[in-house]
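# Summary of structural features
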Amino acid sequence: MIEIIPAIDLIDGKCVRLSQGDFAKQDTYDGEPLEMAKKFEASGLKRLHMVDLDGAKTGSRKNMGVLEKIASNTSLTVDFGGGIKTDKDVVSVFDAGARMASIGTIAANAPEQFAAWINTYGCERFLLGSDVKDKKVAVNGWTTVTELDIVPFLKSYMDRGVDNIFVTDIAKDGLLAGPAADLYAELLGSLPGLKLIASGGVRDIRDIRELERIGCSGVIVGKAIYEKRVSLGELSAHNTNAG
């Protein structure tokens, strides 16, 4: 059964979606983030993926209050990321109510720092986020492409016990043109035991079924919900039927 994880991306406290990680290609949606989160919960969804895009871009997080509201007013299991760079940042995210901290840039640029957090809090408190362009890891809110190849990068953290991992193909994200199924199938074939959460490009319920078929353990769905390409009823029914 694939776990469906709705997404809320935040700029200045508002729900937004970017196309291919480009801050110049931004759609802003009506409705308060807390209202959206409550709709997700009412539909039977259990998880929520939150990204502070202000923090990802500038390193200064502006949306901690939104996290606190959602964590204190829903029972959703929230993972929260964007601009988490210091020990203090990790503490503040957990104190605000996030069950998991999503870590991307630090995992790529400062692996020993990330390893220290894992040792302190446990692997289960972190969601490793790997943004990919041409099979290379991208960092700093998708603005910088490194020389790190995705397969050995993921394996290095799987060897440390990290098994909460999501991968976003930047070329697919926010375009509603279909997920990177070939990339995900390749990763699953190369990394036995990988519990892979797909992210980016999902158009409709058929894409979710395809990702489930190839072996993804979860899927993050954002723009397809906001653009009404997939309904919360469909997501709920898929969860019910799969269960």
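The structure this text deals with has already been given above.
Here goes a summary of the coordinates provided. (Residues numbered from 1 in each chain as written. Predicted model: local features only at pLDDT ≥ 70, side-chain atom pairs only at ≥ 80, totals over all residues. Heavy atoms only, no water.)

### Notes on the overall build of the protein chain
How we decide: Note on conventions: DSSP H or I runs of at least 4 residues are helices, E runs of at least 2 residues are strands, and numbering of each starts at the N terminus. To sort residues, take the accessible area from a 1.4 Å probe on protein chains only and compare it with the maximum for the residue type: under 20% means buried, over 50% means exposed, and anything in between is partly exposed. The Shrake-Rupley method, run with a 1.4 Å probe sphere, supplies the accessible areas, and residue values consider only the shown protein chains as cover.
Looking only at helices and strands, one finds eleven helices and twelve strands in the protein chain. Here the protein chain holds 243 residues, and 55% of them are scored as buried. Here the protein chain has roughly 10,500 Å² of accessible surface; of this, 46% comes from carbon and sulfur atoms.

### A short note on the pairing of strand 4 (residues 47–52)
Our working rule: Following DSSP output, two strands are said to pair if at least two bridges run between them.
Burial analysis of strand 4 places six of its six residues in the buried class, the great majority of the element. Side-chain alternation along strand 4 places Arg-47, His-49 and Val-51 on one buried face and Leu-48, Met-50 and Asp-52 on a second face that is also buried. In this sheet, strand 4 lies alongside strand 1 (residues 3–11) in parallel orientation, the contact comprising four bridges. Paired with Leu-10 across the bridge in strand 4 is Asp-52. In terms of strand pairing, strand 4 meets strand 5 (residues 77–81) through five bridges, oriented parallel. Counterpart to Leu-48 in the pairing with strand 5 is Val-78.

### Here we look at the pattern of salt bridges
Our working definition: By salt bridge we mean one thing: a side-chain nitrogen of Lys or Arg within 4 Å of a carboxyl oxygen of Asp or Glu.
This structure, assessed with the given rule, holds ten salt bridges. For Asp-159, the salt bridge goes to Lys-155, with nearest N and O atoms at 3.1 Å. Judged by relative accessible area, Lys-155 falls into the partly exposed class, the value being 42%. Taken together, the shared-partner salt bridges connect Glu-3, Arg-47 and Asp-79 into one network.

### Some words on helix 9 (residues 205–214)
Along helix 9, the residues that are buried comprise Ile-205, Asp-207, Ile-208, Leu-211 and Ile-214. Directly after helix 9, the chain includes Gly-215, whose backbone phi takes a positive value near 110°.

### Brief notes about the packing of helix 1 (residues 33–42) against helix 3 (residues 64–73)
Describing two packed helices takes the angle between their axes plus the distance from one axis to the other. In plain terms, the rule: Axes here refer to lines fitted to C-alpha atoms; in helices the fit is confined to the stretch in contact. Angles between the N-to-C directions go from 0 to 180 degrees. By the definition adopted for this analysis, an angle is roughly parallel if under 35 degrees, roughly antiparallel if over 145, roughly perpendicular if from 65 to 115, and oblique otherwise. Definitions for this section: a left-handed crossing has its near helix turned counterclockwise from the far helix by less than a right angle. A right-handed crossing has that turn clockwise. A contact between two residues is defined here by any heavy atoms of the two lying within 4.5 Å. Gly counts as polar in this scheme, as do all residues outside two lists: the nonpolar Ala, Val, Leu, Ile, Met, Phe, Trp, Tyr, Cys and Pro, and the charged Asp, Glu, Lys and Arg.
Across the interface, helix 1 lies against helix 3 with an axial gap of 9 Å and an inter-helix angle of 30°. As summarised for this structure, helix 1 and helix 3 are arranged roughly parallel, according to the angle between their axes. Where helix 1 crosses over helix 3, the two elements pack in a sense that is right-handed. When helix 1 is examined against helix 3, the residues Pro-33, Leu-34, Ala-37, Lys-38 and Glu-41 are found in contact with a partner set consisting of Val-66, Lys-69, Ile-70 and Asn-73. In terms of residue class, the contact of helix 1 with helix 3 is built from five nonpolar, one polar and three charged.

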